[in-house]
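A structural walkthrough
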Amino acid sequence: MKNIAVGIIGTGSYLPPTILTNRDLEKMVDTSDEWIRTRSGIMERRITGPDIATSDMAAEAARRAMDDAKITPEEIDLIIVGTVTPDNAYPSTACTVQRKIGAVNAAAFDLAAGCSGYMYSLAVGTQFIKTGFYKKVLVIGGDNLSKFTDWTDRATCVLFGDGAGAAVLSEVEEGYGLLSFHLGADGSGGDLLILPAGGSRMPASEETVRQRLHYTRMNGHEVYKFAVRVMDKAVKEALEKIGMKPEDLDYLVPHQANIRIINHAARRLKIPTEKVFVNIHKYANTSAGSIAIALDEAKRQGMIKRGDIVAFVGFGAGLTWGAGVCRWV
Ligand code: ACO
């Protein structure tokens, strides 16, 4: 079988226009701009409000990625939306996006892997092209966590923002594109980051609403320890599979959850900070949107050039983690 090289031929992203600053949060919960900045690196985040659902952000990011790739919606064979905040439990957000962008020839499904949703989706989408099954795959990562955030819980509400990013995958020149992936999961840590109610385990009831169980619950300290354990390891695993080392990297695009976690991973990989993309100060943690948005911004700001070896890495609810390495097309 021919070895088909698969790469990202277009990217796009969408951030809702409403900005919520740390100063705004000071008026809502017992916190301070100083605490949020020093503990997480976040200065402000984007929030959707009542009129914007995940599919609206995902569809706009997708349109921008298709423009960038210079392809039409009809050319898309498959849409994968990495999200844990779908518009509805069903239909899938991917099907809603398919309708919104007019991708009439595309199959569509959602993929739930928390903040690793984009990494997982990228890996899955790549396989569909590698096998020759599909030619063009639209991979979207997006979340609308503000709708599932307890705005009275200072331990979580300061950390998250909304947004979506998209990438068009296609066959590319041999030696270029997505060269390697490493994905992982540890379901024993599922309770560390969980939306307790609203599923089949604990359906919505007056009691679940009263107990605020439809909002994100997180053990921040344990998630932090997990993140610093897996971030650099995941990148090294992905590099090892193709005989590369951290020093071969030209650029790292990490999940934007906490600047301290990002800096820790960069230190362990011995990557200088100027080679690490950071936009957490503007958008906070946009979950599955994070790496997709960061990659789009890095590309549009001219930070990634053809031939660069770029790594992506994320971690999230599940627990899950994922890393990928590409030679930029
Ligand atoms: N403002 C002021 N004080 C606060 C706030 C706040 N917003 N939040 C917590 N505190 C207090 C705590 O109550 C605690 O006080 P205490 O010592 O009196 O009990 C103190 O600050 C220190 O709290 P820690 O949790 O020890 O602070 P830490 O330095 O660990 O930082 C943080 C907390 C930012 C949450 C960090 O643990 C973290 O980033 N964890 C990872 C979170 C993460 O990445 N989650 C996303 C995963 S991806 C996904 O799938 C969505």
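As the structure is a prediction and not an experimental result, all values here were calculated from the model.

Calculation criteria
- Residues numbered from 1 in each chain as written.
- Predicted model: local features only at pLDDT ≥ 70, side-chain atom pairs only at ≥ 80, totals over all residues.
- Heavy atoms only, no water.
- Phe/Tyr/Trp six-rings, centres within 6.5 Å; stacked < 30°, edge-to-face > 60°.
- Lys NZ or Arg CZ within 6 Å of the ring centre and 35° of its normal.
- Near = heavy atom within 4 Å.
- Polar contact = N/O pair within 3.5 Å; in protein donor to acceptor, adjacent residues only side chain to side chain.
- Areas by Shrake-Rupley, 256 points an atom, 1.4 Å probe, with all protein chains shown as cover.
- Helix = DSSP H or I, 4+ residues; strand = E, 2+ residues; numbered from the N terminus.
- Nonpolar A, V, L, I, M, F, W, Y, C, P; charged D, E, K, R; others polar.
- Domains from an automatic or database assignment.
- Axes fitted to C-alpha atoms, helices over the stretch in contact; angles between N-to-C directions.
- Parallel < 35°, antiparallel > 145°, perpendicular 65-115°, else oblique.
- Left-handed = near helix turned anticlockwise from the far one by under 90°.
- Contact = heavy atoms within 4.5 Å.

Attention shifts here to the packing of aromatic side chains. Per the counting criterion, the structure on display carries 5 aromatic pairs. Ring pairing ties together the aromatic residues Phe 128, Phe 133 and Tyr 134, which thus form one cluster. Above the plane of the ring of Tyr 176 lies Arg 306, whose end atom (NZ or CZ) is 4.2 Å from the centre.

For the rest of this paragraph, the subject is the site of the ligand. Lining the immediate environment of the ligand, one finds 24 residues, of which Thr 31, Arg 39, Cys 115, Arg 154 and Asn 258 sit closest. Interatomic distance of 3.2 Å between a backbone N/O atom of Cys 115 and an oxygen atom of the ligand. Between the ligand and the protein, one listed contact pairs a nitrogen atom with a backbone N or O atom of Arg 154 at 2.9 Å. In isolation the ligand offers 1,000 Å² of accessible surface; the protein chains occlude 73% of this area. Listed by contribution, the elements that provide at least two residues to the shell around the ligand are helix 2 (33-40), helix 6 (154-157), helix 8 (220-240) and strand 12 (309-316). Per element, the largest residue contribution to the shell around the ligand is 4 residues, and it comes from helix 8. Across the shell around the ligand, the residue classes tally to 13 nonpolar, 7 polar and 4 charged. Two domains each donate at least three residues to the shell around the ligand, and these are domain 1 (6-175) and domain 2 (179-327).

A word on the packing of helix 3 (residues 54-69) against helix 4 (residues 93-101). At a minimum axis separation of 9 Å, helix 3 and helix 4 run at an interaxial angle of 55 degrees. Classified by the angle between their axes, helix 3 and helix 4 sit oblique to one another. The handedness of the crossing between helix 3 and helix 4 is right-handed. Taking contact as the criterion, the partners of Thr 54, Ser 55, Asp 56, Ala 58, Ala 59, Ala 62, Arg 63 and Met 66 in helix 3 are, on helix 4, Thr 93, Thr 96, Val 97, Lys 100 and Ile 101. In terms of residue class, the contact of helix 3 with helix 4 is made up of 6 nonpolar, 4 polar and 3 charged.

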